[in-house]
Amino acid sequence: MEFREPIPGLENVPIKYTKITYIDGEKGELYYRGYNIVDLFNNSTYEETAYLLLFGKLPSPHDLEKFKEHMFEGRRTALEVIEEVSRLSTENALDRIKIGLILATKYVDSWPRFRGKQVVVDELLAVAPKILGLVHALTAYAVSLDPNIVEENLEASCAELLCKALVSDCMQKHIHILDKLLIVYADHGLSASAFAATVVASTLSSLLYALEAAISALQGPLHGGALEKVARMLEAIPLEKVEEYVSRKLAQKEKLMGFGHRVYKTYDPRAKLLKRLAAKLALNNNGLREAYLKAIALELHALKTLAAKRVYPNVDFWAATLLLIMGVRPENQLPVFVYSRTAGWLAHIIEYLENNKILRPRAIYRGPLGLKYRPLESR
Ligand code: SDX
């Protein structure tokens, strides 16, 4: 097909069929492998959801045990590189995770191989749980900087390992909330980060390098970077100044972090679920209730103008609020997204490799042609 004009942002341009995630942006509905996110949020765990995304079905008890064992193997592999990562001077948790992934390439072989003309997808599905466990362990270390965090929680649930790394007084209620947060963040179709991962994987590069590309894409403020910006926004505005802040931002045609979405033109269903959790936690958590009150006020004032533009809070708005109420610092919030979304990224990479074709779009040339070179002294 000959495109006459570039498609900005490749908006709505399909690059594959998928059976992983379905998003209805008009109705505000999200499905993982055919299950509504509300159903999974209310009934499943992150481990079950990650298995579902990767293997296309809910695990049996036996499947789940094997899956966890492979994840724990990945956590043990992380112990091989955490010492090297600890010697890095970088302050940025995501950079630590990316460097940990690069260092782990000497322990984890995740290069796609061919059988005839087909990529051997089963091999990638076999190594995926190990890579997931590796990323979880690297993330737990990167946010806590505690060299023993992984060893001391080697076979903890995914939510518990994260809680021990993130929340100073981690309690069961926090583990439960983080498990739900991990479920809603686990996948969201071909977002910029999933697309970046797919581009790298389509060259048959390793899954670890593809995940590194995904994390780099996520760090941009228009994508995952919004999470930290929402948290800093909520911390910076005094409650009594929220209305004034919103009016000023919108009057200056500036974007409010945590609002709007390329696909959802109604309330993000994930934000709805997290908003309820934030309310519950805030009502039992006097000290950090202020973040909740500010978020409610900010949403109320913003929607007076933005609802008419079909711009509503997205997942990052209420995730940042929920994490703030739990005492999670803004700079430690985006790693939570990575921790969860690695399952979705791996699922998309492997699905694309089933019928791989290197991703190579084009640019429509509009420059001059046939110019003659002139020597430097004559210019
Ligand atoms: C994530 O792809 C994914 O699925 C991503 C993600 C995932 O799970 O992977 O969902 C995670 O990245 C969520 C998005 C997090 N980003 C932010 O919160 C940053 C703030 N959001 C905006 O940058 C913006 O909303 C985008 C980039 C998300 C969408 O921008 P668009 O495509 O320009 O939005 P639009 O076309 O719907 O805008 C319509 C109008 C415009 O105004 P007018 O020109 O018509 O006057 O609404 C305005 C926009 O300027 N608008 C906003 C706004 N977002 C859109 N106005 C104020 N604040 C905003 N946030």
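Because the structure is a prediction, the values reported are computed rather than measured.

Calculation rules
- Residues numbered from 1 in each chain as written.
- Predicted model: local features only at pLDDT ≥ 70, side-chain atom pairs only at ≥ 80, totals over all residues.
- Heavy atoms only, no water.
- Helix = DSSP H or I, 4+ residues; strand = E, 2+ residues; numbered from the N terminus.
- Contact = heavy atoms within 4.5 Å.
- Domains from an automatic or database assignment.
- Salt bridge = Lys/Arg side-chain N within 4 Å of Asp/Glu carboxyl O.
- Polar contact = N/O pair within 3.5 Å; in protein donor to acceptor, adjacent residues only side chain to side chain.
- Nonpolar A, V, L, I, M, F, W, Y, C, P; charged D, E, K, R; others polar.
- Axes fitted to C-alpha atoms, helices over the stretch in contact; angles between N-to-C directions.
- Parallel < 35°, antiparallel > 145°, perpendicular 65-115°, else oblique.
- Left-handed = near helix turned anticlockwise from the far one by under 90°.

## Let's talk about the side chain of Ser340
Checked against the element boundaries, Ser340 lands in helix α15 (residues 334-354). Setting aside chain neighbours within four positions, we find Ser340 in contact with Tyr46, Leu182, Tyr185 and Ala186.

## Some points on the domain arrangement of the protein chain
The domain architecture assigned to the protein chain consists of domain 1 (16-168 + 192-219 + 340-354) and domain 2 (225-325). For domain 1 versus domain 2, the distance between C-alpha centres works out to 28 Å. Listed as interface residues are 14 residues of domain 1 and, on the opposing side, 12 residues of domain 2. Put simply, domain 1 and domain 2 have 1 salt bridge between them. In this structure, Arg310 engages Glu26 in a salt bridge whose closest nitrogen and oxygen atoms are separated by 2.7 Å. Taken together, domain 1 and domain 2 are joined by 3 residue pairs in polar contact (both at pLDDT 80 or more). Sorting the residues of the side of domain 1 that touches domain 2 by element identifies β1 (21-24), β2 (29-32) and α1 (37-43) as the ones contributing at least two each. Looking at the side of domain 1 that touches domain 2, the element that brings in the most residues is α1, giving 3 residues. Within the side of domain 1 that touches domain 2, the residues separate by chemical class into 6 nonpolar, 3 polar and 5 charged.

## Some thoughts on the packing of helix α5 (residues 121-144) against α15
Two quantities define a packed helix pair, namely the angle between the axes and the distance from one axis to the other. Viewed as axis vectors pointing N to C, α5 and α15 meet at an angle of 165°, and their least axial separation amounts to 10 Å. In terms of orientation, α5 and α15 fall into the roughly antiparallel class. The way α5 lies across α15 gives a crossing that is right-handed. Listed contacts from α15 to Val121, Leu124, Leu125, Ala128, Ile131, Leu132, Val135, His136, Thr139 and Val143 of α5 are Pro335, Val338, Tyr339, Thr342, Ala343, Leu346, Ile350, Leu353 and Glu354. The residue inventory of the contact of α5 with α15, partitioned by class, reads 15 nonpolar, 3 polar and 1 charged.

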